[in-house]
Amino acid sequence: DVEIRPQVSGFITKLCVDEGATVRKGQLLFIIDPTQYEAAVRTAKASVATAEAAVNTQQMTVDNKIELNKKQIISDYDLSMAKNSLAQAQAQLAQAKAQLTTAQQNYSFTQVKSPSDGVINDIPYRLGALVSPSMATPMTTVSEIDEVYVYFSTTEKELLATIKEEISKIPAIKLQLIDGTTYDAEGKVDAITGVIDQSTGSVSMRAIFPNKEHMLRSGGTANVLIPYNMENVISIPQSATVEIQD
């Protein structure tokens, strides 16, 4: 789940998607009023042009004074002062270009785009709402659900039996969904946390499941079915068993 937050302040002038829409990476989601940021770009470009003209003027001055110095018409001091003025003009040009880059970047931030493929969740802000980078609630959340992580816990005893082999060799697991049906695709355990919860004696594990049909959603619940083999045992029907005095 990726929170979408604005990087500049302004009023929302256009909503390009609706809640529940499937979006692609780079797709336009919101447009923030770009007026002031367009003006900042134009101002920065003018400053760059002014600084470039100043550099060109100082360069011609230095070239001229080099020739005059060769003929000993001006002193070395005058030539050094001209070169210093050129260096100062070049520094001002570099500063103007940096300000232009910042202005262009801020202008690009007025178009809020999706950082990944996924599904749009709630949109608490509507057309005309004022947004800023410091606001507590994100503009929306994009859930990337082509693949989903399933987090579950297992006991320390089961963990010891599980990690006798490498994670890659742990058998595929299945999900029993909330309605009792079994999810079609199998998942693979890809991570085990390094700390055991002392209060419960359990350890967290993570499995990854393909979700091309988007049946699984962020925040959902299910039962994890972990297969294991038991050898040299007698199997009887569960319906034939009863419980008496524990």
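What counts, and where the lines are drawn
Residues numbered from 1 in each chain as written. Predicted model: local features only at pLDDT ≥ 70, side-chain atom pairs only at ≥ 80, totals over all residues. Heavy atoms only, no water. Salt bridge = Lys/Arg side-chain N within 4 Å of Asp/Glu carboxyl O. Buried < 20%, exposed > 50% of the residue type's maximum accessible area, 1.4 Å probe, protein only. Helix = DSSP H or I, 4+ residues; strand = E, 2+ residues; numbered from the N terminus. Expected span 1.5 Å × (residues − 1). Contact = heavy atoms within 4.5 Å. Phe/Tyr/Trp six-rings, centres within 6.5 Å; stacked < 30°, edge-to-face > 60°. Lys NZ or Arg CZ within 6 Å of the ring centre and 35° of its normal. Pairing = 2+ DSSP bridges. Core = buried A, V, L, I, M, F, W, Y, C linked by side-chain atoms within 4.5 Å.

Trainee: Explanation requested: the pattern of salt bridges in the structure shown.
Mentor: Opposite charge on two side chains permits pairing when their charged atoms draw close. Per the stated rule, a full pass over the model turns up 5 salt bridges. As a salt-bridge pair, glutamate 3 and arginine 5 come within 3.0 Å of each other at their nearest N and O atoms. Note on arginine 5: relative accessible area 32%, which makes it partly exposed. Among the salt bridges present, the one from lysine 70 reaches glutamate 67, with a minimum N-O distance of 3.8 Å. Of this pair, lysine 70 and glutamate 67 both sit in helix H1 (residues 35-70), 3 residues apart, which is roughly one turn of the helix. Note on lysine 70: relative accessible area 62%, which makes it exposed.

Trainee: I keep staring at helix H2 (residues 76-108) and nothing clicks. Help me out?
Mentor: Counting along an α-helix, one turn takes 3.6 residues, and residues three or four places apart therefore face a common direction. Here H2 contains 33 residues, and its C-alpha end-to-end distance of 48 Å stays within 8% of the 48 Å for a straight helix at 1.5 Å per residue. Every buried residue belonging to H2 is among Leu79, Ala82, Leu86, Ala89, Leu93, Ala96, Leu100 and Ala103, and all of these are buried. On its buried face, H2 sits against H1.

Trainee: Sorry, what's going on with the packing of aromatic side chains here?
Mentor: The tally for this structure, following the rule as stated, stands at 2 aromatic pairs. For the ring pair tyrosine 149 and tyrosine 151, a centre distance of 6.2 Å and an interplane angle of 65° mean the geometry is edge-to-face. We classify tyrosine 151 as exposed; its relative accessible area is 59%. In this arrangement the basic side chain of arginine 206 is found over the ring face of tyrosine 149, its NZ or CZ atom lying 4.0 Å from the centre.

Trainee: What should I look at first to understand the sheet that holds strand E4 (residues 28-32) in this one?
Mentor: Each strand in a sheet pairs with another by means of backbone hydrogen bonds, the pair being arranged parallel or else antiparallel. Overall, antiparallel pairing links the 4 strands, which are arranged E5-E4-E2-E7 in an open sheet. Of all strands in the sheet, those bounded by a partner on one side alone are strand E5 (111-113) and strand E7 (130-131). Direction of pairing for strand E2 (residues 10-15) relative to E7: antiparallel, over a ladder of 2 bridges. Opposite glycine 10, over in E7, you have valine 131 as the bridge partner.

Trainee: I tried to follow the pairing of strand E8 (residues 140-143) on my own but got confused; where do I start?
Mentor: Strand residues, when the strand is regular, have side chains that alternate between the two faces of the sheet. Neither face of E8 is open: one carries Thr140 and Val142, the other Thr141 and Ser143, and all of them are buried. Where strand E1 (residues 2-4) meets E8, 3 bridges bridge the pair, whose relative direction is antiparallel. Following the sheet pairing, valine 2 is matched in E8 by valine 142. Both strand E6 (residues 118-120) and E8 contribute to a ladder of 2 bridges, which runs antiparallel. Note that in E8 the partner of isoleucine 120 across the bridge is valine 142.

Trainee: Got a minute to help me understand the environment of methionine 230 in this structure?
Mentor: The topology assignment puts methionine 230 in the segment after strand E13 (222-225). Accessibility expressed as a relative area gives 55% for methionine 230, which makes it exposed. Remark: the alpha-carbon pair of methionine 230 and threonine 13, spanning 217 residues in sequence, is separated by 63 Å.

Trainee: Help me understand the nonpolar core, please; the structure alone is not making it clear to me.
Mentor: Note on soluble globular proteins: their nonpolar side chains tend to be buried together. Grouped together as the largest cluster of nonpolar side chains are 17 residues, with contacts concentrated most on Leu29, Ile120, Val131 and Met139. Ranked by residue count, the leading element in this core is E4, at 3 residues. Counting 15 residues, the second-largest nonpolar core is a separate cluster that includes Val148, Leu177, Val189 and Met205.

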